[in-house]
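Coordinate analysis (summary)
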Amino acid sequence: MHPHLKYLIELQAVDLRLIEIRERLSRFPKRLAEVEARVTAARQQITAAKEALTSSLKERKTYEMDVEQWKERAKKYRNQSSEVKTNEAYKALQHEIQNAEGEVAKAEDRLLDRMVTGEEYERQVKAAEAAVKEIEAAANVERHAIQAEYNAAQKELATAEAVRAGAVAAVPADLIDHYERISKRHGGIALAEVHGEGCSQCGVHIRPHVIQQLQRAENEEFFHCETCTRILYYADHTPGPAPAAPSTAETSAASTRDS
Ligand SMILES: [Zn+2]
């Protein structure tokens with residue numbers, strides 16, 4: 001393996017971690033805004049309930065006046081009925097009185113209805129106020145949790161940046177430039193491991209002699225994927241023979257020979 005490749009692999013790993021941390025950090029403003037939005041919405045519920053209560057009280061006043069007006073009118077017709085001269089006029093007045101009394105009854109029903117809904121709105125205002133208290137308390141807990149997470153993420157960022165600086169310092173500047181150029185073109189991934197006989201990033205087939213070169217411990221050449229241009233590396237994932245096993249075999253073979 002090329003002596004610098006080890007640091008590039010380290011760099012790649014820390015770069016991916018940095019992408020993830022920065023992405024996480026970028027979501028914090030939205031998360032905080034969601035908490036604030038919940039509190040605002042709850043406060044608006046109070047405002048809405050209070051407005052409904054106020055207009056219900058206004059309507060109640062109107063209906064109270066309606067009741068009074070129709071009562072007045074009925075009274076007026078009753079007073080007039082003692083003064084009418086003709087039977088027709090008397091009948092007409094009786095009709096008006098009945099009508100006015102009917103309106104009184106209707107206005108009283110509406111008024112009663114308003115009084116009931118008014119009580120309901122009062123209950124809603126109280127419920128909304130209680131809900132806001134709960135939501136604000138929960139929001140406070142959440143704000144603190146989010147802040148703690150944010151601080152932890154900032155610490156992770158600082159650590160990862162230090163690791164990155166270490167890896168960068170271990171490699172010549174032109175190689176870092178080369179790495180950065182490929183990384184920028186390929187969504188932050190400049191390195192591609194060889195999997196089987198292909199590039200793990202784009203899947204294209206890698207020529208066997210390249211794989212052979214990459215597998216050689218003394219190889220000091222860089223190879224790039226012909227399709228995605230990423231820097232190729234080979235990592236041996238196959239578990240080798242357990243180091244203890246052959247020596248035990250040797251010992252037992254030796255002891256067999258001895259006996
Ligand atoms: Zn590739």
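Remember, it's a predicted structure, so these values are computed and weren't measured experimentally.

Broken down by element type, the protein carries six helices and three strands. Listed N to C, the secondary structure of the protein is α-α-α-α-β-β-α-β-α in terms of helices and strands. Since a compact globule built from 259 residues should have a radius of gyration of about 18 Å, the 43 Å found for the protein marks it as more spread out than a globular shape. Dimensions of the protein along its principal axes, counting C-alpha atoms only, are 145 × 55 × 35 Å. Counting only carbon and sulfur atoms, one obtains 55% of the accessible surface of the protein, whose full area is about 17100 Å².

Tallying each qualifying case throughout the model produces 22 salt bridges. Between Glu156 and Arg24 there is a salt bridge whose closest N-O contact spans 3.0 Å. You can see Glu156 sitting in helix H3 (residues 87-169) and its partner Arg24 sitting in helix H1 (residues 5-26), a full 132 residues away along the chain. With its nearest N and O atoms 3.5 Å apart, the salt bridge here joins Lys106 to Glu103. Separated by three residues within a single helix, Lys106 and Glu103 lie in helix H3, roughly one turn from each other. Among the residues examined, Lys106 registers a relative accessible area of 47% and is labelled partly exposed. By relative accessible area, Glu103 is classed as buried at 17%. Each of Asp15, Arg164 and Glu180 takes part in salt bridges that share partners, so that together they form one network.

What follows deals with the coordination of the zinc ion. Every protein donor of the zinc ion is accounted for by Cys199 (SG), Cys202 (SG), Cys225 (SG) and Cys228 (SG), and the metal-donor separations fall at 2.2 to 2.3 Å. Spacing between the donor residues of the zinc ion along their common chain follows C-x2-C-x22-C-x2-C. We classify Cys199 as buried; its relative accessible area is 3%. On the basis of relative accessible area, Cys202 is assigned to the partly exposed category, the value being 34%.

Here a ring pair, both rings aromatic, is described through the centre-centre distance and the interplanar angle of the planes. Tallied over the full model, the rule gives one aromatic pair. Each ring, one from Phe28 and one from Tyr150, has its centre 5.2 Å from the other, and the planes form 85°; the classification is edge-to-face. With Phe28 in helix H2 (residues 28-81) and Tyr150 in helix H3, this pair connects stretches of sequence that are 122 residues apart. Overall, the relative accessible area of 30% leaves Tyr150 in the partly exposed class. Stacked on the ring of Trp70, the Lys or Arg Arg73 has its end atom at 4.3 Å from the ring centre.

This part covers the pairing of strand E1 (residues 191-195). The buried fraction of E1 amounts to four of the five residues, a majority that puts the element mostly inside the structure. In this sheet, strand E3 (residues 231-233) lies alongside E1 in parallel orientation, the contact comprising three bridges. When the bridges of E3 are listed, Ala192 appears paired with Leu232. Counted between consecutive antiparallel strands, the loop separating E1 from strand E2 (residues 198-199) contains two residues, among which Gly196 sits at a positive phi close to 60°.

About the cut-offs
- Residues numbered from 1 in each chain as written.
- Predicted model: local features only at pLDDT ≥ 70, side-chain atom pairs only at ≥ 80, totals over all residues.
- Heavy atoms only, no water.
- Helix = DSSP H or I, 4+ residues; strand = E, 2+ residues; numbered from the N terminus.
- Rg over C-alpha atoms; globule rule 2.2 N^0.38 Å.
- Areas by Shrake-Rupley, 256 points an atom, 1.4 Å probe, with all protein chains shown as cover.
- Salt bridge = Lys/Arg side-chain N within 4 Å of Asp/Glu carboxyl O.
- Buried < 20%, exposed > 50% of the residue type's maximum accessible area, 1.4 Å probe, protein only.
- Donors = N, O, S within 2.8 Å, 3.2 Å for Na, K, Ca; no water.
- Phe/Tyr/Trp six-rings, centres within 6.5 Å; stacked < 30°, edge-to-face > 60°.
- Lys NZ or Arg CZ within 6 Å of the ring centre and 35° of its normal.
- Pairing = 2+ DSSP bridges.

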